[in-house]
Amino acid sequence: MAVRSVARTTPYLEKVAVEARYNDVDPVYAETRDIRLFGFVLFLLADCVLFGAFVFAYLYLRTAAPTWPPVVDGKQLPRLDVAFGAMNSIVLFGSGVTMHFALESWKHLKKLAFNFWLVATILLGIGFLAGQAHEYMSAQMTWQGSTFGASFFTLTGLHGFHVFAGVCFLTVLGIQANRGVYTGSKYFGLVAGTLYWHFVDVIWVLLFFLFYLW
Amino acid sequence: MDVAAHPIEQHEAHDHIHPAPEGFIAKYVFSIDHKVIAIQYFVTGLLFMLIAGSFAELMRIQLWNPKGTFMEYHTFNQMFTMHGTVMVWLVLIPLVTGSLGNLVMPLQIGARDVAFPWLNMLSFWLIPVSGLILFSTFFVGAPSSGWTEYPPISLEQGPGGPLWCLAIIVVGISSTLTGLNFMVTIFKMRAPGMTWTRMPLFTWATFATALINMFATVALSAALLALFFAQVYNVPFFDPARGGSVILYQHMFWFYSHPAVYIFILPAFGVISEVLPTFARKTIFGYKMIAFSSLAIAILGFAVWAHHMFPGGIAPWLQIPFMIITYLIGIPTGIKIFSWMATIWGGRIQFTTPMLYAMAFIGTFSFGGITGVYLACVPVDLHEHGSYFVVAHFHYVVAGGAVTAFFAGFYYWFPKATGRLLSEKMGKVGFWLFMAGLTGTFLPMHWLGLEGMPRRYASYETFAKAFPDAVFWNRFESVSSFLMVAAIALVAVNIIYSIRSGRRAGNNPWGARTLEWMISSPAPYYNFKKIPIVLDRPYDFTQPLPYRNLDEVTDPYPVPSEAVLPRNAAGMGV
């Protein structure tokens, strides 16, 4: 029994030891990068639940309402401006593309290109936030006035907060990368930043569908 | 196949052990050591239990007379609100998942710490912060609409409400981070050879709990964020006049808060699964079934929340599936109960204090579980929901289940945390006091509830006119509840006495077989000098220990000699 058991654990040990040699870390915790990646993905999944709960609230209120958009003071609220929303979405999705290029440039050790694409991502992210601000200012409903407004401002506000946090995150990553925190083989922070940014994009796909298209 | 020739052995030079931090602050206050954090959780949880327990006793004094003249009715409402809030979020979750989970799980899987020690420290320190926010509500008018804070009442109670929301969101973040941390630790940091089906059962239970912690707690944060917006900014999520719905809050709240009861009962199941085989000296019966039923409970637990809302007015076609799924949870739970009974059956039982608590747990928890099955039935629930029957049910599950199992785990693992055994004499007296108090307080609530005594009432004068025996039983409960206070006071005395002059534990005082008992007590900062290799499940008492490198995982235990060795109450910080 014992022999078979050790045999079963052998590939695991080899994998750990090989990774340890490759990354020059404590072999017992050779999986360090792996651990951080897994933890970060779990964090993003938990974040999905936050949006999920508010999306549930929105669906609940929307299906319970007799008309949608709801009627406030005897007047039906107008639908949101799809054209503007679509434009703003393209800005955000574009920033996802530039972020992808930024990470790929880093992997290929092209530092100049990395900086260019990262700055482009940050600028596009700020552009999206500006678009959101314009959208909020020109909205014909209020946070307090109706359930549509409540859901719209809460969900897009949460998303906007995530984009804002992402812009800060990427700025810090840019500074760190230029100060030599990351190398060609160790760049977990950049991977996390990219994942986060794509996550924010994916959430926006759902929100765009729910609020603008549906 | 020789293990010694393996690459991992050749790299031993890299397998360095980090030195323990120096200085009081780094060692005991802002510690990143999971064992110290566990003790911090324990002390904080016990302090909060003192506060929430005194709220409960004040309520019991109020109910001594049917008229209820001891305190104002509004104060009474604040008392039961804060009692529930503090007990659920600041006592049970820190004690059961925070304290036991942190202390035992990394040791059981052969890890040097949890995956993210700094995050672990943050998780702990959010708990006192949340406590401060919560108790600050007493200066501005504490919330008084029950621990569930249903709107519309919770929208009308001044600044106490939003502060309450903030406090619970902070606990929620702490709990989510702990869940994430534990999940990564269990997935990624098990000792070589510890496959999923070789994992100790407490670790399995912790894993199932972490799953709930991660995914349900965020939903609670969302619900309370919505409530916060509704209270502070008048956002119409829960206002029917503007298209909102009060039932929506109940959905969002119970989506977390039903799984929350599994957050404290699943680790309790894990504790029982460790304690019973050790003191019955017999292999656990149905290892895989116990392990997988924890997961089944965690997953089913996400699909039963609306059984708290039957009287609140959800659609009848929704009530039936929720009733049936709730019944289904009885199956994995029953599997566990019968597996535990089969574990003890024919064993060589040692009646130590942890074993007494564990065996009592089987009875008291089953009792609370079965009344839970009654309550899941829609017509019964409609009749009983607002009565003392519900109070009896969940106190049997929480006090008779989670707290009883917590005490089993506490007596069982205290030697591992401190290096000293607790006094068995005091432990046993405390056990009988606790059980007498538990039964005396909560058992009569069943028939009071069936007679129709409403819960959360500061005065039951009208009810007592119809059922004169209610006065006797309420007084009986009030007296009994003080037995539980005595039991918990005795635990505190026992801790203080045993840290100073308890018997030295040695590595493995109970003759248990899981990994945490293979190293010295208290466990050193680095836990394992060398990570052992796991060959099999830990529970088969007829086999030799299923680990390799056992002689190298820890320093040989020094001969206990009180005169030579320095007094070592490591980690207690007292």
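Conventions and cut-offs
Residues numbered from 1 in each chain as written. Chains lettered and ligands numbered in written order. Predicted model: local features only at pLDDT ≥ 70, side-chain atom pairs only at ≥ 80, totals over all residues. Helix = DSSP H or I, 4+ residues; strand = E, 2+ residues; numbered from the N terminus. Rg over C-alpha atoms; globule rule 2.2 N^0.38 Å. Buried ≥ 20, exposed ≤ 12 C-beta atoms within 10 Å, placed from the backbone. Contact = placed C-beta atoms within 7 Å. Axes fitted to C-alpha atoms, helices over the stretch in contact; angles between N-to-C directions. Parallel < 35°, antiparallel > 145°, perpendicular 65-115°, else oblique. Left-handed = near helix turned anticlockwise from the far one by under 90°. Nonpolar A, V, L, I, M, F, W, Y, C, P; charged D, E, K, R; others polar. pLDDT = per-residue confidence, 0-100. Expected span 1.5 Å × (residues − 1). Bend = angle between axes of the 7 residues up to and from the residue. Core = buried A, V, L, I, M, F, W, Y, C linked by C-beta atoms within 7 Å.

Concerning the overall build of chain B
When you go through chain B residue by residue, the secondary structure sums to 16 helices and two strands. The C-alpha atoms of chain B give a radius of gyration of 24 Å, which matches the 25 Å a tight globule of 574 residues would have. The principal-axis extent of the C-alpha atoms belonging to chain B is close to 75 × 45 × 45 Å. Taking all 574 residues of chain B together, 55% fall into the buried category. In chain B, the proportion of contacts linking residues at least 24 apart, taken out of those at least 6 apart, comes to 82%.

Some thoughts on the overall build of chain A
Assigned secondary structure in chain A consists of six helices and two strands. Listing each helix as α and each strand as β along chain A from the N terminus yields α-α-β-β-α-α-α-α. Counting all 214 residues of chain A, 30% fall into the buried class. In chain A, the proportion of contacts linking residues at least 24 apart, taken out of those at least 6 apart, comes to 69%.

Let's talk about the packing of helix H4 (residues 73–108) of chain B against helix H5 (residues 117–140) of chain B
All names here are of chain B. Contact geometry for H4 and H5: axes closest at 12 Å, N-to-C directions at 165°. By the angle between their axes, H4 is roughly antiparallel relative to H5. Like other packed secondary-structure pairs, H4 and H5 cross with a definite hand, here left-handed. Facing H4, whose interface residues are Thr85, Leu90, Pro94, Gly98 and Asn102, H5 presents Asn120, Phe124, Ile127, Ser130, Gly131 and Leu134. Classifying every residue of the contact of H4 with H5 by side-chain character gives five nonpolar, six polar and no charged.

Some details on the confidence of the model for chain B
Residue and element names in this part refer to chain B. Of all residues in chain B, 93% have pLDDT values of 70 or greater, and the mean over the chain is 89. Taken together, the stretch residues 1–15 has pLDDT below 50 and engages in 24 contacts with residues farther than four places along the chain or on a different chain. The model gives residues 558–574 a pLDDT under 50, and that stretch makes 19 contacts with residues more than four places away or in other chains. Across the assembled chains, the prediction reports ipTM 0.88 with pTM 0.89.

A short note on helix H8 (residues 246–280) of chain B
Residue and element names in this part refer to chain B. Here H8 contains 35 residues, and its C-alpha end-to-end distance of 51 Å stays within 8% of the 51 Å for a straight helix at 1.5 Å per residue. Trp254 marks the point of greatest bend in H8, at about 35°. The buried fraction of H8 amounts to 33 of the 35 residues, a majority that puts the element mostly inside the structure.

So, helix H6 (residues 160–188) of chain B
Its 29 residues place the ends of H6 of chain B 42 Å apart at the C-alpha level, agreeing with the 42 Å of an ideal helix rising 1.5 Å per residue. Summarising burial for H6 of chain B: 25 of the 29 residues are buried, a large majority.

Quick notes on unusual backbone geometry
Cis peptide bonds are those with omega within 30 degrees of zero, and the linkage from Pro151 of chain B to Pro152 of chain B qualifies with 5°. Cis geometry is found at the peptide bond from Ser521 of chain B to Pro522 of chain B, where omega equals -10°. Within the secondary structure, Pro522 of chain B is located in the loop between helix H16 (469–501) and strand E1 (533–534). Positioned with a positive phi, Leu109 of chain A is a non-glycine residue whose angle comes to about 60°. As for its placement among the helices and strands, Leu109 of chain A is situated in the loop between helix H3 (82–107) and helix H4 (111–138). By the C-beta count within 10 Å, which is 10 here, Leu109 of chain A ends up exposed. Non-glycine residue Arg281 of chain B carries a positive phi angle of around 50°. Looking at the secondary structure, you find Arg281 of chain B in the loop between H8 and helix H9 (287–300).

So, the nonpolar core
One broad trend across soluble globular proteins is that nonpolar side chains are buried collectively. The biggest cluster of nonpolar side chains holds 224 residues, and the ones touching the most others in it are Ala219, Ala223, Met252, Ala268, Ile272 and Ala408 of chain B. Considering every element that reaches this core, the biggest residue donor is helix H7 (residues 201–233) of chain B, with 24 residues. Not counting residues within four places of it along the chain, the set of residues in contact with Ala219 of chain B comprises Val49 and Ala53 of chain A together with Met252, Phe255 and Tyr256 of chain B.

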